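# Results of the structural survey
Now for the letters of each chain:
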Amino acid sequence: MTKAHTDQHHLVIGFALVLLGALGFAAKAILIKLAYSASVQVDAITLMALRMLFHCVFSNSCRLGQKKIERLTVRKKTMGVVAVLGLMGYYIASYLDFIGLQYISAGLERVILFLYPTFVVLFSALVHKRKITLRWVWR
């Protein structure tokens, strides 16, 4: 295989994976709503645990094909703080997302989720009394 052919093959695979990821992200709310409407009673924490279990299996299987990457040197204390903050932030955000889906439609949840960056810019402008510039919007 030539280098150009290999690069094109990687591009197609990358595009397919991005498309699959976007579809999966968009379908998450629909699948959660279906789980809530099923006859079996399920709570947000159980659904989150199942989602994380699936993610763990999928992401670890994807790592099998990766080439060895260079590691960053970060202090263990810093890594611990970052890990705790990341887990807490992700857990809380996911939990609130899953709980919210018990009360609103999947479509409204997606609109709110995708408008979140816009809300951050608007509220930051209000709190800090700054004008919203084009440069700030495109960051």
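Residues numbered from 1 in each chain as written. Predicted model: local features only at pLDDT ≥ 70, side-chain atom pairs only at ≥ 80, totals over all residues. Heavy atoms only, no water.

### A word on the overall build of the protein
Within the protein, the regular secondary structure consists of 5 helices and 0 strands. Traced from its N-terminal end to its C-terminal end, the protein shows the element sequence α-α-α-α-α. In terms of overall size, the protein is more extended than a compact globule, its C-alpha atoms giving a radius of gyration of 20 Å where 139 residues would be expected to give roughly 14 Å. Looking at the protein residue by residue over its 139 residues, the buried ones come to 12%. Pairs at least 24 apart in sequence give 66% of the contacts found in the protein among residues at least 6 apart. In the structure as shown, the protein presents an accessible area of about 12,100 Å², 72% of it carried by carbon and sulfur atoms. Taking the average place of the 17 positive charges on the side chains of the protein and the average place of its 5 negative ones, the gap between the two points comes to 11 Å. (Helix = DSSP H or I, 4+ residues; strand = E, 2+ residues; numbered from the N terminus. Rg over C-alpha atoms; globule rule 2.2 N^0.38 Å. Buried < 20%, exposed > 50% of the residue type's maximum accessible area, 1.4 Å probe, protein only. Contact = heavy atoms within 4.5 Å. Areas by Shrake-Rupley, 256 points an atom, 1.4 Å probe, with all protein chains shown as cover. Lys, Arg positive; Asp, Glu negative; His and termini not counted. Charge placed at Lys NZ, Arg CZ, Asp CG, Glu CD.)

### Focus: the confidence of the model for the protein
Looking at the protein as a whole, the pLDDT averages 83, with 91% of positions reaching at least 70. Element-level mean pLDDT values for the protein span from 74 in helix H5 (residues 134–137) up to 88 in helix H3 (residues 76–100). (pLDDT = per-residue confidence, 0-100.)

### Notes on the layout of surface pockets
Each pocket or cavity is described by its volume, and for the largest pocket that value is around 650 Å³. Along the wall of the largest pocket there are 19 residues; nearest its centre are Gly24, Phe25, Arg51, Phe54 and His55. For the lining of the largest pocket, the secondary-structure elements that each account for two or more residues are helix H1 (3–37), helix H2 (44–63) and H3. The element contributing the most residues to the lining of the largest pocket is H1, with 9 residues. Of the residues contributing to the lining of the largest pocket, the split by class is 14 nonpolar, 3 polar and 2 charged. Forming the walls of the second largest pocket are 15 residues, and the residues nearest its centre are Ala93, Leu96, Asp97, Glu109 and Leu113. Looking at the lining of the second largest pocket element by element, the count peaks at 6 residues for H3. Looking at the lining of the second largest pocket, its residues break down into 9 nonpolar, 2 polar and 4 charged. (1 Å grid on protein atoms, 1.4 Å probe; cavity = no way out; pocket = protein on both sides within 12 Å on 5 of 7 lines; lining within 4 Å. Points joined across faces, edges and corners; volume = space filled by probe spheres on them. Nonpolar A, V, L, I, M, F, W, Y, C, P; charged D, E, K, R; others polar.)

### A short note on unusual backbone geometry
With phi around 50°, Lys129 is a residue other than glycine that occupies positive phi space. Looking at where Lys129 falls in the secondary structure, it is placed in the loop between helix H4 (106–128) and H5. We classify Lys129 as exposed; its relative accessible area is 75%.

### As for the side chain of Glu109
Locating Glu109 in the fold gives a position in helix H4. On the basis of relative accessible area, Glu109 is assigned to the buried category, the value being 5%. Filtering out sequence-adjacent residues up to four positions away, Glu109 remains in contact with Lys28, Ala29, Asp97, Leu101 and Ile104.

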